[in-house]
Amino acid sequence: MKNFICPFVSIEEFERYKNQFRVFTRDDDKKVFNAQIIDFKKGDVNGDGIKDNVFLMGNKPYGDESPFVDNITLIIQCGKTQRFTRVRLENDAGYNPTLFLGNFTKDKVEEILITIDTGGSGGTIYSYVYSFLNSDLKKMFDSDRFNDEYEYSVMYRDNYRVDVISKTLGYKYTLDIQYKGREYLSEIYDKNGKLKEPIEGFVRPLGGLYPIDFERDGILELYAAQGVSGRYGADGLGFIETVLKWDGKAFKVDRQYVAIFGQEY
């Protein structure tokens, strides 16, 4: 595999485009960075039957040793016309930005999934899905919008229980947190299992977004993961797991679960 950047893309092809791009800063188009190709995939994203080149460009201000990248820009090159389309991302700085091409709709054309680690202590990400069908760019998914749209409350209850409520969907999940151990529980509950004082937790922003073909029909769904925290961010209680499916207009919730951490048996 050392002769390939990714399947079906040679190093020679990768290098050919390496110096063709300039990435401008958001504040002033007169300021230019020496952009690097951070990731590169090849696939038919505009639906004309010819494979296109899809790039993530960016600047590495701290050198190649650092995973931090800023001025991250999506560039699509039409395989037929060789024309380039540049797309600026709303959140264009972070760590380990990656590209994925796959079919999330029934049009049998590949869409573009971008994932960027924010670098925060909560292990959260920025993520976008774009359609470029007929060379018409449309944003299908935006992590900021997802975080705003799905609201939760996390409330500790007596008897070592925590209620996680999805306000948007009208679901309630009850977690048994006895697995957290005696030392943890004794800080929160008295010897009778009563809360010493009211405690609220929270659901963290999107921490993972994964393309999975759950139905094995050639159409991908999005598996979204969000951490559930207790008294502070590192006080993990489990994960909200949401499966999103494209309905022709938007990614909608197909099903949702809450998973808890296991303990030694």
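Residues numbered from 1 in each chain as written. Predicted model: local features only at pLDDT ≥ 70, side-chain atom pairs only at ≥ 80, totals over all residues. Heavy atoms only, no water.

Caption draft 1: Just the pairing of strand β15 (residues 171-176), in detail. As defined by bridge partners, strand β14 (residues 161-166) adjoins β15 across 6 bridges and the pair is classed as antiparallel. Paired with Asp 163 across the strands is Thr 174, a residue of β15. Count of turn residues in the β14/β15 antiparallel hairpin: 4 residues, of which Gly 170 carries a positive phi of about 75 degrees. (Pairing = 2+ DSSP bridges. Helix = DSSP H or I, 4+ residues; strand = E, 2+ residues; numbered from the N terminus.)

Caption draft 2: Layout of the packing of aromatic side chains. Evaluated as defined, the whole model comprises 12 aromatic pairs. Plain terms: the ring middles of Phe 68 and Tyr 95 are 5.3 Å apart, the flat faces sit at 65 degrees to each other, and that makes the pair edge-to-face. In this pair, Phe 68 sits in strand β7 (residues 68-77) while Tyr 95 sits in strand β9 (residues 94-102), placing the two residues 27 residues apart along the sequence. Look at Phe 68 and you get buried, because its relative accessible area is 17%. Each ring, one from Tyr 171 and one from Tyr 173, has its centre 6.3 Å from the other, and the planes form 90 degrees; the classification is edge-to-face. The buried category is assigned to Tyr 173, whose relative accessible area is 13%. Among the aromatic residues, those joined into a cluster by ring pairs are Phe 104, Phe 141, Phe 146, Tyr 150, Trp 246 and Phe 251. In this structure, Arg 255 is placed above the aromatic ring of Phe 214, and the distance from its NZ or CZ to the ring centre is 4.9 Å. (Phe/Tyr/Trp six-rings, centres within 6.5 Å; stacked < 30°, edge-to-face > 60°. Buried < 20%, exposed > 50% of the residue type's maximum accessible area, 1.4 Å probe, protein only. Lys NZ or Arg CZ within 6 Å of the ring centre and 35° of its normal.)

Caption draft 3: Layout of the side chain of Glu 111. Of note, Glu 111 is situated in strand β10 (residues 111-117). Notably, Glu 111 is buried but unbridged: the nearest opposite-charge side chain belongs to Lys 138, and the N-O separation is 11 Å. Within the structure, Glu 111 has its side chain in polar contact with the backbone nitrogen of Phe 104 (distance 2.7 Å). In this structure the side chain of Glu 111 is engaged in a polar contact, spanning 3.4 Å, whose partner is the side chain of Thr 105. (Lys, Arg positive; Asp, Glu negative; His and termini not counted. Salt bridge = Lys/Arg side-chain N within 4 Å of Asp/Glu carboxyl O. Polar contact = N/O pair within 3.5 Å; in protein donor to acceptor, adjacent residues only side chain to side chain.)

Caption draft 4: Layout of the pattern of salt bridges. This model, assessed by the stated rule, comprises 12 salt bridges. As a salt-bridge pair, Arg 157 and Asp 163 come within 3.1 Å of each other at their nearest N and O atoms.

Caption draft 5: A look at the nonpolar core. In this structure, Phe 141, Tyr 156, Val 164, Ile 177 and Leu 237 are the most contacted members of the largest nonpolar core, which totals 34 residues. Within the second largest apolar cluster, 17 residues are counted, among which are Val 69, Leu 89, Leu 101 and Tyr 128. (Core = buried A, V, L, I, M, F, W, Y, C linked by side-chain atoms within 4.5 Å.)

Caption draft 6: Focus on unusual backbone geometry. For Asn 71, which is not a glycine, the phi torsion comes out positive at approximately 50 degrees. Locating Asn 71 in the fold gives a position in strand β7. Of note in the backbone geometry, Asn 96 takes a positive phi value of approximately 50 degrees without being a glycine. Counting through the fold element by element, Asn 96 comes out in strand β9.

Caption draft 7: Inspection of the pairing of β7 at higher detail. In terms of burial, β7 is largely enclosed, as 10 of its 10 residues are buried. Bridge count for strand β6 (residues 52-59) against β7 is 6 bridges, and the pairing is antiparallel. Its bridge partner being in β7, Asn 59 is matched across the sheet by Asp 70. Pairing of β7 with β9 involves 2 bridges; the strand directions are antiparallel. Directly across from Val 69, in β9, lies its bridge partner Gly 94.

Caption draft 8: The layout of surface pockets, seen in detail. When its volume is computed, the largest pocket comes out at roughly 290 Å³. Considering the residues around the largest pocket, the lining is formed by 14 residues, among which Met 140, Arg 145, Glu 149, Ala 250 and Phe 251 are closest to the centre. Put simply, the parts of the chain that give the lining of the largest pocket at least two residues each are β12 (138-142), α2 (143-149), β18 (236-246) and β19 (251-260). Considered class by class, the residues forming the lining of the largest pocket number 8 nonpolar, no polar and 6 charged. By volume, the second largest pocket amounts to about 200 Å³. Residue lining of the second largest pocket: Thr 105, Asp 107, Ser 131, Leu 133, Asn 134, Asp 136, Lys 138, Lys 139, Met 140, Trp 246 and Lys 249, and that is the complete set. The leading source of residues in the lining of the second largest pocket is β12, at 3 residues. (1 Å grid on protein atoms, 1.4 Å probe; cavity = no way out; pocket = protein on both sides within 12 Å on 5 of 7 lines; lining within 4 Å. Points joined across faces, edges and corners; volume = space filled by probe spheres on them. Nonpolar A, V, L, I, M, F, W, Y, C, P; charged D, E, K, R; others polar.)

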